[in-house]
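# Report on the structure
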Amino acid sequence: MIGSRLCVLALLVSPAIAEAQPEDGGATSDSAAAPAEPAKVTAVEPPADAAPKLPPPDPAKGKPVFELGLYGFMRLQYIVVQNDPNVAFVGRDDGFELQNARVGVHGKLSDRASFTFSIDGAVDERAQNTPQGKLRLGMRDAFADVSLGTVFVRGGYFQTWVDPQGLVPDIEREFVDKPLESRGMRSTEGWYTPGLPPGRSLGAAVRLEPKTANRLGFEIAVQNGADEFASNNDNDKPALSVAAMLSLPNNGFVVAAGRWNPRTVGDLPFRQDETDLQGSVGAQLNTGAISLGGGAI
């Protein structure tokens with residue numbers, strides 16, 4: 001900016017000096033020798049109704065933006081179970097228990113699509129009713145969502161709304177663990193019994209999630225319906241579940257769901273067919289420091 005201003009002043013002063021110099025190179029008069037006054041430049045204000053000058057367009061504007069983030073958490077507890085004098089495997093391994101050692105990645109492409117993948121290193125691997133167990137690495141979430149306006153389609157390995165406790169994140173739950181109806185009876189706590197909810201399974205679903213309070217949502221899911229860690233279906237028939245949810249203030253909810261699952265259990269040649277019919281209802285009301293919740297399945 002300084003250089004450009006000097007150039008303008010030089011162009012304005014140089015004609016006055018050239019006219020004061022005589023052709024024969026002699027001395028000049030006092031009036032001619034006096035320096036010329038600098039020219040005054042008056043800035044011209046733009047009219048009030050002139051359009052403002054806009055910045056150049058951003059070439060990246062309007063294109064979908066991809067976001068990627070890592071997350072994870074760890075939960076540890078100390079468990080004490082009274083020994084059963086009549087059952088050798090109940091209460092014989094009091095001590096620390098690793099509930100979760102989870103790490104995952106979540107990606108999002110604007111509001112069009114997203115995906116979630118997570119693994120957990122605290123999966124309890126044991127042969128049902130035995131006090132000896134080992135930790136192994138297991139997949140917990142692996143699904144992708146594609147937006148279709150107000151609803152979206154989910155596909156992969158995920159959990160449905162059939163279990164009301166599944167709607168409460170592990171790191172936000174008020175209690176140390178889920179109720180027995182949801183998680184079942186673990187070995188060494190008693191006789192091994194799986195939980196009533198179906199857990200995670202491979203499949204696809206259409207969802208409308210209520211984003212704000214006092215909104216209705218629904219879920220229609222078609223899944224394999226096999227064991228939570230099964231790699232495929234247990235027969236040729238899928239499981240179907242339907243659920244409806246009403247969102248409440250402060251992340252509260254009321255949910256009701258039903259599930260039809262024709263299963264096949266046992267090993268060849270002694271496989272048997274069974275049909276599981278499930279219904280569940282649950283509610284969570286959060287009012288500041290007090291949370292009220294209940295459900296049945």
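This report concerns the structure included in the present document. (Residues numbered from 1 in each chain as written. Predicted model: local features only at pLDDT ≥ 70, side-chain atom pairs only at ≥ 80, totals over all residues. Heavy atoms only, no water.)

Note that soluble globular proteins tend to have their nonpolar side chains buried in a common cluster. With eight residues, the main nonpolar core is built from W161, V162, V168, A243, M245, F253, V255 and A257. Those elements giving two or more residues to this core turn out to be β8 (239–248) and β9 (252–265). In terms of nonpolar packing, the next biggest core, distinct from the first, is built from five residues, I79, V81, V87 and V90 among them. (Core = buried A, V, L, I, M, F, W, Y, C linked by side-chain atoms within 4.5 Å. Buried < 20%, exposed > 50% of the residue type's maximum accessible area, 1.4 Å probe, protein only. Helix = DSSP H or I, 4+ residues; strand = E, 2+ residues; numbered from the N terminus.)

Mapped onto the fold, R154 is located in strand β5 (residues 151–159). Within the structure, the side chain of R154 is placed 2.8 Å from the side chain of D145, a separation counted as a polar contact. Among residues more than four places away in sequence, those in contact with R154 are F143, A144, D145, G203, A204, A205, R207 and E209. (Polar contact = N/O pair within 3.5 Å; in protein donor to acceptor, adjacent residues only side chain to side chain. Contact = heavy atoms within 4.5 Å.)

Cis geometry marks the peptide bond from L268 to P269; its omega dihedral reads 0 degrees. Along the chain, P269 falls in the loop between β9 and β10 (272–287). With phi around 50 degrees, S110 is a residue other than glycine that occupies positive phi space. Examined against the element boundaries, S110 turns out to sit in the loop between β2 (95–109) and β3 (113–125).

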